[in-house]
Amino acid sequence: MTTALKLLAVASEIYPLIKTGGLADVTGALPAALATEGVAVRSLVPGYPTVLEKLGKAEVVQTFADLQGGTARLLAGKADGLDLLVLDAPHLYVRPGDPYVAPDRHDWPDNAFRFAGLAQVATRIGQGLLPGFVPDIVHAHDWQAALTPALLHYAGARRPGTVMTVHNLAFPGLFPARLLGAIGLPPEAFAIDGVEYHGQISYLKAGLQFADRITTVSPTYAREILNPEAGMGFDGLLRARASVVSGILNGIDDTVWNPANDGRIAATYTAQTIEARAANKAALQRRLGLDGNAEALLFGVVSRLTAQKGLDLLASALPTPLGLGAGLALLGSGDQELENAFASAQSAHPGRISCVIGYDEDLAHLIQAGADALLVPSRFEPCGLTQLCALRYGAIPVVARVGGLADTVIDANEMALASGVATGVQFAPVNAESLEAAIRRTAELYADHEAWARMRQNAMATDVSWRKPAHRYAMLYREITAARAGAA
């Protein structure tokens, strides 16, 4: 029988307590999937107001007289099936709005201290702060938690194995060099083989440099970041550590994202009752004020509105779907210029284009259930979750051939259509012309009712759950613990 393994997951957000993007979906869904693999997970997260509110009754398991400039408590409790350790530090986390960005859309000026505090407590837990929970592995997610492997390394005491998962290499967590001591690192850490990055401290580099293993959220992205084009300045370090870099594809919580019992959509359905899906398209068109033509191709977008996500390409390509008689339902927020561009497009084409600026979980589900196809034109994409949801809901994904998008969607090329395995449309290179061609190809496929129906069935049959990824993570954790035991 496999020995149970104790894992401390460290993250700045976790669904459904706090979410700004896909990171929260991953950290929220993975613990339950790992439980079936004999891995007991406790997740350390900041005590934002929404987290404390949803945590409810909790036990104070540790207090800190001075954690980055104030008192703090470590709370243990459960919420929404998650086994949580919540860092209750009001001076760091109790503030309005976004966990990273102030209402003026600039980063909180004390982010260096806010997430150093999180990593310092994670380090203490890794060293045995809680006798009832001494982790075998500490798993840090993205730059906000990435200082943890470095702090454990420099502590010089007994430490658990460490994993660093990069959800997006584009966010390095850069802070002034003068903060080195304040965040708990010794002078020798500020070096090329430490945390120094072009004269600054990079929290992300701290994780990449000192974690026992580095993972990304898709195999293709793991290969892409070894090259200068996608390496964001870290490619040299990643090539030097290539032997410990791997890609494990994300999944989605297929209980939350399940069209058969989704209470957020107008009508539930399965692959066997696909005709019921049409009610969701009609509901989506009504809600967004779109023309109620059941036969017209309807594209959906659920995305941050940024250049990384390729939404500027879509903005310039809008004449193509409009010329084909298609509509667009968009949900997202991000760059002001792009928000304005899509708002202008809606004003110019009422009934054909509807853009909701912001985020609405109910509407996100309805777009997946009601759109015929989902556009994901990202310039780079570590994994992507929206296309996994699209597959689950039978919205044909139209994706750039990058990162996890390339790994999760089977292009409807001639051979894939002949073999009956296609699940979506891929395009490359990532530019407006290729996107326009992909939109035209999607319209041609949509007009071929037999081909479209087969693609939709294939999409919905795709396993997008956490079962396989969780097995791979569990294997990785056990490889690390075995290697550390052998080296002791």
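First things first, this report covers the structure right here in the doc. (Residues numbered from 1 in each chain as written. Predicted model: local features only at pLDDT ≥ 70, side-chain atom pairs only at ≥ 80, totals over all residues. Heavy atoms only, no water.)

Here the focus is the packing of aromatic side chains. Under the criterion given, the structure shown has eleven aromatic pairs. Taken together, a centroid distance of 6.0 Å and an interplanar angle of 50° make the contact between Tyr100 and Phe115 tilted. In this pair, Tyr100 sits in the loop between α3 (90-93) and α4 (111-126) while Phe115 sits in helix α4, placing the two residues 15 residues apart along the sequence. Exposure remark for Tyr100: the relative accessible area of 12% places this residue in the buried category. What makes Phe115 buried here is its relative accessible area of 0%. Seen in terms of ring centroids, Tyr197 and Phe234 are 4.6 Å apart; in terms of plane orientation they differ by 20°. Their pairing is stacked. With a gap of 37 residues between them, Tyr197 in strand β9 (residues 196-197) and Phe234 in the loop between α9 (228-231) and α10 (235-240) connect regions that are remote in the sequence. (Phe/Tyr/Trp six-rings, centres within 6.5 Å; stacked < 30°, edge-to-face > 60°. Helix = DSSP H or I, 4+ residues; strand = E, 2+ residues; numbered from the N terminus. Buried < 20%, exposed > 50% of the residue type's maximum accessible area, 1.4 Å probe, protein only.)

Here we have nine strands laid out as an open sheet, ordered β3-β4-β5-β2-β1-β6-β7-β11-β12, and mixed in their pairing. The two strands at the open ends of the sheet, each matched to only one other strand, are β3 (59-64) and β12 (245-247). Each neighbouring strand pair of the sheet contributes to a mean axis angle of 25°, computed without reference to strand direction. When strand β6 (residues 137-141) meets strand β7 (residues 161-166), the two strands line up parallel, connected through five bridges. Bridge pairing links Val138 to Thr162 in β7. Packed on one face of the sheet, α4 meets β1 (5-10), β2 (39-46), β3, β4 (72-79), β5 (82-88) and β6 and runs near 150° to β2. Against the sheet, helix α21 (residues 467-487) touches β1, β2, β6, β7, β11 (213-216) and β12, its axis set at about 145° to β7. (Pairing = 2+ DSSP bridges. Axes fitted to C-alpha atoms, helices over the stretch in contact; angles between N-to-C directions. Contact = heavy atoms within 4.5 Å.)

With that settled, consider the side chain of Glu339. In this fold, Glu339 is placed in helix α14 (residues 336-348). Within the local environment of Glu339, its side chain forms a polar contact with the backbone nitrogen of Gly334, the two atoms lying 2.9 Å apart. Each residue touching Glu339, except ones within four places of it in the same chain, is listed here: Arg105, Leu305, Ser333, Gly334 and Ile357. (Polar contact = N/O pair within 3.5 Å; in protein donor to acceptor, adjacent residues only side chain to side chain.)

Okay, helix α1 (residues 22-35) next. Helix length check: α1 (14 residues) gives 21 Å between terminal C-alpha atoms against 20 Å at 1.5 Å per residue, within 8%. Inspection of α1 places Leu23, Ala24, Asp25, Val26, Thr27, Gly28, Ala29, Leu30, Pro31, Ala33 and Leu34 among the buried residues, and these make up the whole buried set. Those residues of α1 that are buried lie in contact with β1, β2, β5, β6, α5 (142-145) and α21. (Expected span 1.5 Å × (residues − 1).)

Taken together, the three strands give an open sheet; going across it, the order is β8-β10-β9, and neighbouring strands pair in antiparallel fashion. Two strands bound the open sheet, and with one partner strand each, they are β8 (174-176) and β9. As paired strands, β9 and strand β10 (residues 200-202) are joined by two bridges and run antiparallel to one another. Directly across from Tyr197, in β10, lies its bridge partner Gln200.

As for its placement among the helices and strands, Ala191 is situated in the loop between β8 and β9. Remark: the alpha-carbon pair of Ala191 and Ile201, spanning ten residues in sequence, is separated by 9.5 Å. Not counting residues within four places of it along the chain, the set of residues in contact with Ala191 comprises Glu196 and Lys205.

A separate point is the pattern of salt bridges. As enumerated under the stated definition, the model contains 20 salt bridges in all. Between Lys281 and Asp372 there is a salt bridge, and its shortest N-O distance comes to 2.7 Å. Taken together, the residues span a long stretch of sequence, with Lys281 in helix α11 (residues 278-288) and Asp372 in the loop between α15 (361-370) and β16 (373-376) at a distance of 91 residues. Both residues of the pair, Lys281 and Asp372, belong to the buried class. Several salt bridges converge on common partners, so that one network encompasses Lys19, Asp25 and Glu361. (Salt bridge = Lys/Arg side-chain N within 4 Å of Asp/Glu carboxyl O.)

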